[in-house]
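Each chain is listed here by its residues.
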Amino acid sequence: MPATSMEELVSLCKRRGFIFQGSEIYGGLQGFYDYGPLGVELKNNIKAAWWRSNVYERDDMEGLDASIIMHRQVLRHSGHEATFSDPMIDNRKNNKRYRLDHLVKDQKADVISKVAEAIGQSAENFPAVVAALNANPAQASQALKEAGVRDPFSGEVGDWTEPKPFNMMFKTTIGPVADDESYGYLRPETAQGIFTNFKNVVDSTSRRLPFGIAQIGKAFRNEITPRNFIFRVRELEQMEIEFFCTPGTDEEWHEHWLEKRLSWWEAQGVPRSKIEILDVPKEDLAHYSKRTYDLMYDYPTLGHEEIEGIANRSDYDLGSHTKNQSELGLVASVEENLDSIAKLTIPHPETNKPVVPFVIEPSAGVDRAMLAVLSEAFTKETLENGNERIVLKLKPHLAPIKVAVIPLARNKAELVDLARSIKSDLQKLGLGRILLEDSGNIGKAYRRHDEVGTPYCVTVDFDTVGKGEDASLTDTVTVRDRDTLAQERVKISELTAYLQAKLK
Ligand code: GAP
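Residues numbered from 1 in each chain as written. Predicted model: local features only at pLDDT ≥ 70, side-chain atom pairs only at ≥ 80, totals over all residues. Heavy atoms only, no water.

### Overview of the overall build of the chain
A count of helices and strands for the chain gives 16 helices and 24 strands. With respect to the three principal axes, the spread of C-alpha positions in the chain is 85 × 65 × 50 Å. Every one of the 504 residues in the chain was classed for burial, and the buried ones make up 51%. At a minimum sequence separation of 6, the contacts of the chain that also span at least 24 residues come to 65%. Of the charged side chains in the chain, 63 are positive and 77 negative; the average position of the first set lies 4 Å away from that of the second. (Helix = DSSP H or I, 4+ residues; strand = E, 2+ residues; numbered from the N terminus. Buried < 20%, exposed > 50% of the residue type's maximum accessible area, 1.4 Å probe, protein only. Contact = heavy atoms within 4.5 Å. Lys, Arg positive; Asp, Glu negative; His and termini not counted. Charge placed at Lys NZ, Arg CZ, Asp CG, Glu CD.)

And the structure:
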């Protein structure tokens, strides 16, 4: 049975050390989470799987790790200063602030219908309701009051202000300066670091179209209402590709990436049947997008929500940065003499003339990937003896711990030393983390490793060291399979080859 609720996942994540609330000992900081001993392993494994598939296994990709704090001109000319905002609304009664669409969406159905009716829309088309509310702030405030929209905090009908845009970028000062101009932004998407390095990568690698640049890194968004655990956070991590292609071939590449990304999710244990493809309506497209497919994963409790966006960003970003550099006098005017511009263009593969390429951008959230992978793996089973077990059926390449080596008794040096030496040999295979589990209670150890998704447990017992009842078992260990619960006796001399084959 899959996880039935977000609550169960949150509880498992805390109990077993995957994810903790940020700044918890001081009461926590909303929208910030810390990844614990197992969380960091799972996260690294997801990122490694993405990098392997999108960089190493292709011949048309390069990697990048750009800085997080960026020049404010970058975010100005990318359009983020002007448009990267969500509609915010205040309740004058208690000074609480909400994101307008979240506030309305969380109301009872009859209240949503009344809001929609008051602004001449149908509740069936929620994006249109939100768009109409944003377009008419005075009418929106009136509609919310008349419809009886309640404050989620107080439960009372609110005295709603007019909604206004709230820019989600985090601003930060740079250096010990007192003027108003010395600030930068924490990037709200990793993408901009790719665009600003486009020419550096082309010049240093001699890439020709089509090719892509991949990057994994932190991004920051001052969300009005961070919520739903790690689904909507203020400090997030993204895995982004900007794939540059000749204008006119962009639609074909868009379909290529949609297919590639769906198969990647499948390989991580997130099946296509759980992902809906949303062809984002024109009125909801981001400012840079010609067309976007949102992959909507069926999260426990939340239902279908975006896990990845695959956008056709056209030539918006490279074009905009080139144009604005020319405005700043950094390069010649684009319109006047495109040929002479050394910035952010690349030779057209057929004409050899400089062209601003089109961009297809698959952009996935690492935190949302964690949540989806965990929720697909989370399984409750009733065993033959009637006991229930929770088991994380993670794909082996994602499992935080690949093998736990368990001495049957923690106070028997002979067993512990041998287990340590087996652990050390296995660790050298480079499979990922191998753990020496010497907590002493084999039953508890198995339960713990089921819950954290360890594919194999290796037990060193008295038979292993020739002090048990069966002499034929000397120099063998028990290997327990997480999913089938089968236990097999394997010779120590054959153990590395055995596990290597199982975990590959
Ligand atoms: N560069 C394009 C871009 O940033 P986006 O749809 O805003 O597009 C891409 O974000 C992905 O980043 C989303 O599909 C989601 O997985 C993740 N993401 C965005 N905002 C997030 C947040 N506040 N918390 C967690 N993940 C987020």
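### Here we look at the nonpolar core
One finds Phe18, Leu42, Ile46, Met239 and Trp265 to be the most contacted residues of the largest nonpolar core, which totals 59 residues. Looking at this core, the element that brings in the most residues is helix H13 (residues 366-377), giving eight residues. Split by domain, the residues of this core number at least three in each of domain 1 (6-80 + 174-323 + 358-374) and domain 3 (401-503). Those residues in contact with leucine 42 that sit more than four places away from it in its chain are Phe18, Met370, Val373, Leu374, Leu394, Leu398 and Pro400. Counting residues in hydrophobic clusters, the runner-up holds 21 residues, among them Ile89, Leu103, Val115 and Val130. (Core = buried A, V, L, I, M, F, W, Y, C linked by side-chain atoms within 4.5 Å. Domains from an automatic or database assignment.)

### Overview of the site of the ligand
In the neighbourhood of the ligand, 20 residues make up the surrounding shell, with Glu189, Arg221, Glu223, Glu240 and Glu306 lying closest. Here a nitrogen atom of the ligand sits 2.5 Å away from a polar atom, N or O, in the side chain of glutamate 189. Note that an oxygen atom of the ligand is positioned 3.5 Å from one of the backbone N or O atoms of glutamate 308. The protein chains hide 92% of the 550 Å² of surface that the ligand would expose on its own. (Near = heavy atom within 4 Å. Polar contact = N/O pair within 3.5 Å; in protein donor to acceptor, adjacent residues only side chain to side chain. Areas by Shrake-Rupley, 256 points an atom, 1.4 Å probe, with all protein chains shown as cover.)

### Quick word on the domain arrangement of the chain
Here the chain is described as being made up of domain 1 (6-80 + 174-323 + 358-374), domain 2 (86-166) and domain 3 (401-503). Inter-centroid distance (C-alpha atoms) of domain 2 to domain 3 is 58 Å.

### Some remarks on the side chain of aspartate 450
Residue placement: aspartate 450 occurs in helix H15 (residues 442-451). With sequence-adjacent residues up to four places away left out, aspartate 450 is seen in contact with Arg389, Ile390, Val391, Leu392, Arg480 and Arg482.

### Concerning the packing of aromatic side chains
Note on aromatic pairs: each is described by the distance of the centres and the angle between the planes. The tally for this structure, following the rule as stated, stands at 14 aromatic pairs. Pairing tryptophan 264 with tryptophan 265 gives two aromatic rings, centres 4.9 Å apart and planes at 75°, and the pair type is edge-to-face. Take tryptophan 264: its relative accessible area is 4%, and that puts it in the buried class. Looking at tryptophan 265, the relative accessible area reads 0%, which means it is buried. Sitting over the ring of tyrosine 35, lysine 43 keeps its end group 4.1 Å from the ring centre. For the cation-ring pair, arginine 313 lies above tyrosine 288, with the distance from its terminal atom to the ring centre recorded as 3.5 Å. (Phe/Tyr/Trp six-rings, centres within 6.5 Å; stacked < 30°, edge-to-face > 60°. Lys NZ or Arg CZ within 6 Å of the ring centre and 35° of its normal.)

### A look at the sheet that holds strand E22 (residues 456-460)
The five strands are arranged E21-E20-E22-E23-E24 in an open sheet whose pairing can be described as mixed. The open sheet has two free edges, formed respectively by strand E21 (434-436) and strand E24 (487-491), since each of these has just one partner strand. Pairwise comparison of adjacent strand axes, ignoring direction, gives a mean angle of 25° for this sheet. Here helix H16 (residues 492-503) sits on the sheet in contact with strand E20 (403-407), E22, strand E23 (476-481) and E24, set at roughly 125° to E24. (Pairing = 2+ DSSP bridges. Axes fitted to C-alpha atoms, helices over the stretch in contact; angles between N-to-C directions.)

### A few points about the packing of helix H2 (residues 37-56) against helix H11 (residues 250-267)
Interhelical geometry of H2 versus H11 gives an angle of 140° and a closest axis separation of 11 Å. By the angle between their axes, H2 is oblique relative to H11. Relative to H11, H2 is oriented so that their crossing is right-handed. Touching Ile46, Ala49, Trp50, Ser53 and Asn54 of H2 are Trp257, Arg261 and Trp264, all from H11. Of the residues contributing to the contact of H2 with H11, the split by class is five nonpolar, two polar and one charged. (Parallel < 35°, antiparallel > 145°, perpendicular 65-115°, else oblique. Left-handed = near helix turned anticlockwise from the far one by under 90°. Nonpolar A, V, L, I, M, F, W, Y, C, P; charged D, E, K, R; others polar.)

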